[in-house]
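Each chain is listed here by its residues.
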Amino acid sequence: MRPAELPPRADGGAGESRPLHEEVVDLARALPGPLRRLTVRSGDRAVEVEWAGTPAPAAAPVPAPQPGGLTAVAPAPADPGPEPEVPEGTVAVRAPLVGTFYAAPSPGAEPFVRVGDEVEAGQTLGIVEAMKLMNPILADAAGVVAEIRAGDAESVEYDQVLLLLRPPPGGAR
């Protein structure tokens, strides 16, 4: 797989005067499909990109960044093995983005939910922090927390199962 190429820079490619976030936005727009994962490193200005619908290549070295530009490659993530199955009769609450999962609103505070808690649609179940932004994880429907699979302050991947909900008593939704 070839690295994704950035469109020509508006400044003619001259130097480091252009903010890194602008280059990342240009890169995202130039990709051949929707983003699945994006990793940015400011030191030496490397960017790793994986987009949906593209199989990850076999392990390959990340090319060195080009002077004044960025190099993007689809990463070859370590295979963590198959994700535990979602038991029949439960609903998986998945991470909408890569980040850090927090079970409570602040350190030392009570968690948003515990196993056995009944939750309502729209209720906050946790938070995923990504790039200093706190993204609430909300229940799509009423239910009972059957299992919490993500630990507090644990790194999570896109689409990773964070919690399992089972239908509420009486089956009302």
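As shown above, the structure is provided for reference.
A brief look at the structure comes next. (Residues numbered from 1 in each chain as written. Predicted model: local features only at pLDDT ≥ 70, side-chain atom pairs only at ≥ 80, totals over all residues. Heavy atoms only, no water.)

With that settled, the discussion passes to the sheet that holds strand S8 (residues 133-138). Strands sit in the order S8-S7-S5-S10 across an open sheet of four strands; the sheet is antiparallel. At either margin of the open sheet sits one strand with a lone partner, and together these are S8 and strand S10 (154-156). Taking the axes of each pair of neighbouring strands and ignoring which way they run, one obtains an average angle of 35 degrees across the sheet. Two strands pair when backbone bridges link them, and strand S5 (residues 99-102) and strand S7 (residues 124-130) are joined in this way by three bridges, in the antiparallel orientation. Looking at the pairing, Tyr102 lines up with Ile127 of S7. (Pairing = 2+ DSSP bridges. Helix = DSSP H or I, 4+ residues; strand = E, 2+ residues; numbered from the N terminus. Axes fitted to C-alpha atoms, helices over the stretch in contact; angles between N-to-C directions.)

This part is about the environment of Glu147. Mapped onto the fold, Glu147 is located in strand S9 (residues 143-148). Residues Glu147 and Arg166, 19 residues apart in the sequence, show an inter-C-alpha distance of 9.2 Å. Of the polar contacts made by the side chain of Glu147, one reaches the side chain of Arg149; its length is 3.1 Å. (Polar contact = N/O pair within 3.5 Å; in protein donor to acceptor, adjacent residues only side chain to side chain.)

So, on to the pattern of salt bridges. One pass over the full model with this rule turns up three salt bridges. Between Arg114 and Glu110 there is a salt bridge, with the nearest N and O atoms lying 2.6 Å from each other. Classification of Arg114 as partly exposed rests on a relative accessible area of 44%. A salt bridge links Arg149 to Glu147, with the shortest nitrogen-to-oxygen separation between them at 3.1 Å. Judged by relative accessible area, Glu147 falls into the partly exposed class, the value being 32%. (Salt bridge = Lys/Arg side-chain N within 4 Å of Asp/Glu carboxyl O. Buried < 20%, exposed > 50% of the residue type's maximum accessible area, 1.4 Å probe, protein only.)

Keep in mind that these numbers describe shape and distance, not what the molecule does.
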